[in-house]
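# An overview of the molecular structure
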Amino acid sequence: MNDFPLTSINLLIAFWLVPGLIISATLIKKDSYGVILIPLFGTGFWSLCFSFTNLQNFSALKDFDLIVYFLNALTLIIIFLRKRNMVAGYLGIILLVNLVEVFNYHYGLINPSMSSVNILKTLYNMEYSVLYEFGAPQIYIVALSFFFSGTSSILLSVSFLTGVAAFILAGMLLYEVFEVDKRIVLLAFIFPIFNFEVTSWILRVRPHFLASGLTLLFISSCYFYKINKNFDSKIIIFTSLFLIMNARTESVILFSLFVLIIFTLEIKNLFLTKFSVIFFLITYFSTLEGFLKYDGVRGPYFTLLIYVLFYFVLLAGDKSKKINLLIIKRFNLILSLLIGLVFLICIYLYGDQALQSYRVLFVKLSDPGTSFGSLFVLYFGLLLTLCIDGESEVKKIIISLYLMILFIFLTGPLQHSVFGWETFYTDYVGRDSAIYNPFDESQSRSIMQFYLTIGPLIVCYIFKNTTKTDLTKKGEQL
Amino acid sequence: MIRNNSKLLPLFIYTLIIAGIVLLSISTYGIPSSFVKGLDSVQVEDIDYGLNIPSFNNVCLYSYHDGERLLNEFAKENNYKITLRKSYTDNPKCFGKIIGSNLPQLALRSGLENNEWIDLQVTIRQGVPTWSQEPIFILFIFMINASFLLALKSKKFILLCFIIFIAYSMATFDEYNRYLNGIDQVIPNHKYIQNIITQLNNP
């Protein structure tokens, strides 16, 4: 095996992280948050940059390596004069990325799926039109863009490490919000990883793991904003939201959760400022770019509808106390009714095929062989524990997340419009063709994505304000 | 924690759902053959299992784990790995049975290669998970739900749920069922990508 291409990999790391470092040093006041936000800002910056430029492959910039290293050093010196801890943290991140990449190079830690390889080939040959036909989310494209075509060097851990950063920051915020014992927070974030299906998806280039981390980061940063209305929390909210919108094309359906959070936490003013309108416009156009030429649930009209609906609900709720109260009190009930309506529409449109899709999805999600089965049982048990507990705004959010899972499950038949039932079925030739079902394609992965979000949130909620002493007491009530 | 009887309703519904799925699974796939049958009754063909691989292709003769049991018994000296792949069928006679493999019908056992992967394709019924064929999974369900019940008394038992979950995941970990029923083909490591780039560089 060839030696690990240390120089070119570090040049790619510099491309990825330096914009993140500059943004973080400029905007974030607290250094510990700033350091962890570097990969998130880096990925966000390139996601935005790729949306509005033709740059989607760093090979063209390889000749400027000396300039990049010089600018990198200059940036570090300037930031070092103001924020020494952040520079130290940045160097730590570079060391970590190098370790992951070396390990990956020699042992294959991160497994790119076939679609990842296809996107990589597309990026390599500058055939961007194929990406649009794929409907590949912007962040997925960014995660595969860090390579030089002349040499065999590629950075595959972008998506994974950005996801890890999102989970760590979410953990720090939840720890501050819920005042949970540190060991419980650690257990809350580690236990979902002890599952094959989850681990296998974490270690792929696809953005599911990242999207779940970002969803949790968004929720935790909203709670954090409620108790600490500083600029850092605002930036974290909007960064996570921007990345969510660009991470998974189906993420736009999360808008109902956003609406619920914004109203129940009474942070709607933040979302109605000019600042956020500009933010949403940028997010919308960059997201739209990723969806271009694509029909169905992932299509541009759907995204536009979601954005318009989002602002309509915010504006209407802000003007009327009745709507405001309705959202705070009865949001999950209304959402349940709408989900029921979607179910009826699916049955009406697809009949037996819809039922088939539900049966296939149910077996996939409850199958012990794929490790989904253990998650299925565990999370329903956790839901039960929540249902028996008293009322709380956190509980509403968690129930809403479960409703999202149900929504994704019930929208399975709508994948018809995305992939095309007949053609996709016959075109797919492979070892798994017998079990393959297009209904199952995105839905089961999206549901797994929510598992990762729900787990830590529920644990922190159950053990809120719990210290080591409380845990050792006998007969502690929930 | 339980403040009134109405709080027991979710618990009742939950128990009913779990028990319902287990019973449905038992009625469709039965219970594992190792629980009720000896190896003799599993040998349904009139062949020398020491010489030939059983007829796995297109006949639905062997149930879920029987193929694995027979291979483990009669081809134990061969260094092979088995994957169970699932597919759907509408034929009630084939629910939970082996319908195919990557081996020729009645192939000679001596023809098995070293480190060979044997794919056994099991057919299942749409909508019915194979819980009844996985005794460890049933044990996991029992233990984790017992912990949830105890958690109604004290929330500390939630932590026990996580420990059971981690223990179950560790106990069932094995490298070859990692991507079982996976949609994407998995590329082993980074070197593969390097090769692709090298090929692209040198058409």
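About the criteria used
- Residues numbered from 1 in each chain as written.
- Chains lettered and ligands numbered in written order.
- Predicted model: local features only at pLDDT ≥ 70, side-chain atom pairs only at ≥ 80, totals over all residues.
- Heavy atoms only, no water.
- Helix = DSSP H or I, 4+ residues; strand = E, 2+ residues; numbered from the N terminus.
- Areas by Shrake-Rupley, 256 points an atom, 1.4 Å probe, with all protein chains shown as cover.
- Phe/Tyr/Trp six-rings, centres within 6.5 Å; stacked < 30°, edge-to-face > 60°.
- Buried < 20%, exposed > 50% of the residue type's maximum accessible area, 1.4 Å probe, protein only.
- Disulfide = S-S within 2.5 Å.
- Pairing = 2+ DSSP bridges.
- Axes fitted to C-alpha atoms, helices over the stretch in contact; angles between N-to-C directions.
- Core = buried A, V, L, I, M, F, W, Y, C linked by side-chain atoms within 4.5 Å.
- Contact = heavy atoms within 4.5 Å.
- Parallel < 35°, antiparallel > 145°, perpendicular 65-115°, else oblique.
- Nonpolar A, V, L, I, M, F, W, Y, C, P; charged D, E, K, R; others polar.
- Salt bridge = Lys/Arg side-chain N within 4 Å of Asp/Glu carboxyl O.
- Patch = residues over 30% accessible without salt bridge, like charges linked within 9 Å, V, L, I, M, F, W, Y side chains within 5 Å.
- Left-handed = near helix turned anticlockwise from the far one by under 90°.

### Some words on the overall build of chain A
When helices and strands are counted, chain A shows 24 helices and two strands. Summed over its atoms, the accessible surface of chain A is roughly 18200 Å², and 67% of this surface lies on carbon and sulfur atoms.

### Thoughts on the packing of aromatic side chains
Applying the stated criterion to the full structure yields 38 aromatic pairs over all chains. Consider the rings of Phe45(A) and Trp46(A), whose centres lie 5.0 Å apart with planes at 80 degrees: the pair is edge-to-face. Relative accessible area serves as the criterion here: at 33%, Phe45(A) is assigned to the partly exposed category. Of the residues examined, Trp46(A) reaches a relative accessible area of 7% and is grouped as buried. Ring plane angle 50 degrees and centroid distance 5.1 Å describe the contact between Phe376(A) and Phe380(A), whose orientation is recorded as tilted. Note that Phe376(A) and Phe380(A) are positioned in helix H19 (residues 372-388) at a spacing of four residues, about one turn of the helix. Phe376(A) sits in the buried class, given a relative accessible area of 10%. Relative accessible area serves as the criterion here: at 38%, Phe380(A) is assigned to the partly exposed category. Grouped by ring-pair contacts, the aromatic residues Phe191(A), Phe362(A), Phe376(A), Phe380(A), Trp131(B), Phe137(B), Phe140(B), Phe162(B), Phe165(B) and Tyr168(B) constitute a single cluster.

### Looking at the state of the cysteines
Two cysteines joined by a covalent bond between their sulfur atoms form a disulfide. Inspection of the entire model under this criterion finds one disulfide over all chains. With a sulfur-sulfur separation of 1.8 Å, Cys60(B) is cross-linked through a disulfide to Cys94(B). Sign of the S-S torsion, about 95 degrees for the bond between Cys60(B) and Cys94(B), identifies this disulfide as right-handed. Remark: Cys94(B) occurs in the loop between strand E1 (80-88) and strand E2 (97-101) and Cys60(B) occurs in the loop between helix H3 (39-42) and helix H4 (66-74); sequence separation between them is 34 residues. Classification of Cys60(B) as buried rests on a relative accessible area of 11%. On the basis of relative accessibility, which here comes to 6%, the residue Cys94(B) falls in the buried class. Distance from the sulfur of Cys222(A), which forms no disulfide, to the nearest cysteine sulfur (Cys460(A)) is 16 Å. When its relative accessible area of 0% is taken as the criterion, Cys222(A) is described as buried. Given a relative accessible area of 0%, Cys460(A) falls into the buried group.

### What to know about the sheet that holds E1(B)
Residue and element names in this part refer to chain B. On the basis of which strands lie adjacent, the open sheet formed by three strands has the order E1-E3-E2 and mixed pairing. A strand with exactly one partner marks an edge of an open sheet, and here the two such strands are E1 and E2. When strand polarity is set aside, the average angle formed by the axes of neighbouring strands in this sheet is 35 degrees. Note that E2 and strand E3 (residues 116-124) share four bridges and pair antiparallel. Looking across to E3, one finds that isoleucine 98 is bridged to valine 122.

### Some details on the nonpolar core
Core analysis: the largest hydrophobic core is formed by 191 residues, its most contacted members being Phe146(A), Phe271(A), Phe310(A) and Leu378(A). Once you skip the residues sitting within four places of it in the chain, Phe271(A) turns out to touch Phe218(A), Ile237(A), Phe238(A), Leu241(A), Ile262(A), Ser276(A), Phe280(A), Phe310(A), Tyr311(A) and Leu314(A). Counting 26 residues, the second-largest nonpolar core is a separate cluster that includes Tyr29(B), Tyr62(B), Ile118(B) and Leu120(B).

### Digging into the packing of H19(A) against helix H6 (residues 156-171) of chain B
Look at H19(A) against H6(B): their axes get within 11 Å of each other, and the N-to-C directions meet at 175 degrees. When the interaxial angle is binned, H19(A) and H6(B) end up roughly antiparallel. Seen from H19(A), the contacting residues are Ser374(A), Leu375(A), Leu378(A), Leu382(A) and Thr385(A); seen from H6(B), they are Ile158(B), Cys161(B), Phe162(B), Phe165(B) and Tyr168(B). Residue composition of the contact of H19(A) with H6(B), by class: eight nonpolar, two polar and no charged.

### Observations regarding the pattern of salt bridges
Side chains carrying opposite charge are able to pair once their charged atoms draw close together. Residues and elements named next belong to chain A. Following the criterion strictly, the structure yields four salt bridges over all chains and no others. One salt bridge in this structure joins lysine 30 and glutamate 176, with 3.5 Å as the shortest N-O distance. In this pair, lysine 30 is assigned in the loop between helix H1 (6-27) and helix H2 (31-52) and glutamate 176 in helix H8 (residues 158-178), connecting sequence segments 146 residues apart. For glutamate 393, the salt bridge identified is with lysine 226, shortest N-O distance 3.0 Å. A residue pair is termed long-range when its members are at least 10 positions apart, and glutamate 393 in helix H20 (residues 393-410) and lysine 226 in helix H11 (residues 208-227) qualify at 167 residues. For glutamate 393, a relative accessible area of 28% gives the class partly exposed.

### Overview of the side chain of Lys155(B)
Take Lys155(B): it is sitting in the loop between helix H5 (135-151) and H6. For Lys155(B), a relative accessible area of 8% corresponds to the buried category.

### Description of a nonpolar patch on the surface
Residue and element names in this part refer to chain A. A cluster of nonpolar side chains, Leu326, Ile334, Leu338, Leu341, Ile345, Tyr348 and Leu349, forms an exposed patch at the surface whose accessible area comes to about 720 Å². Structurally, isoleucine 334 can be placed in helix H17 (residues 321-350). Given a relative accessible area of 34%, isoleucine 334 falls into the partly exposed group.

### What about the packing of H5(B) against H6(B)?
Residue and element names in this part refer to chain B. As a packed pair, H5 and H6 sit with axes 8 Å apart at the nearest point and diverge in direction by 165 degrees. Between H5 and H6, the angle falls in the class roughly antiparallel. Judged by the sense of rotation from one axis to the other, the crossing of H5 with H6 is left-handed. Seen from H5, the contacting residues are Ile136, Phe137, Phe140, Met143, Ile144, Ser147, Phe148, Leu150 and Ala151; seen from H6, they are Phe157, Ile158, Leu160, Cys161, Ile164, Phe165 and Tyr168. For the contact of H5 with H6, the residue count by class is 15 nonpolar, one polar and no charged.

### With respect to the pairing of E3(B)
Residues and elements named next belong to chain B. Counted residue by residue, E3 has seven buried out of nine residues, so it is predominantly covered. Strand direction decides the pairing type here: E1 and E3, joined by nine bridges, are parallel. Paired with leucine 84 across the bridge in E3 is leucine 120.

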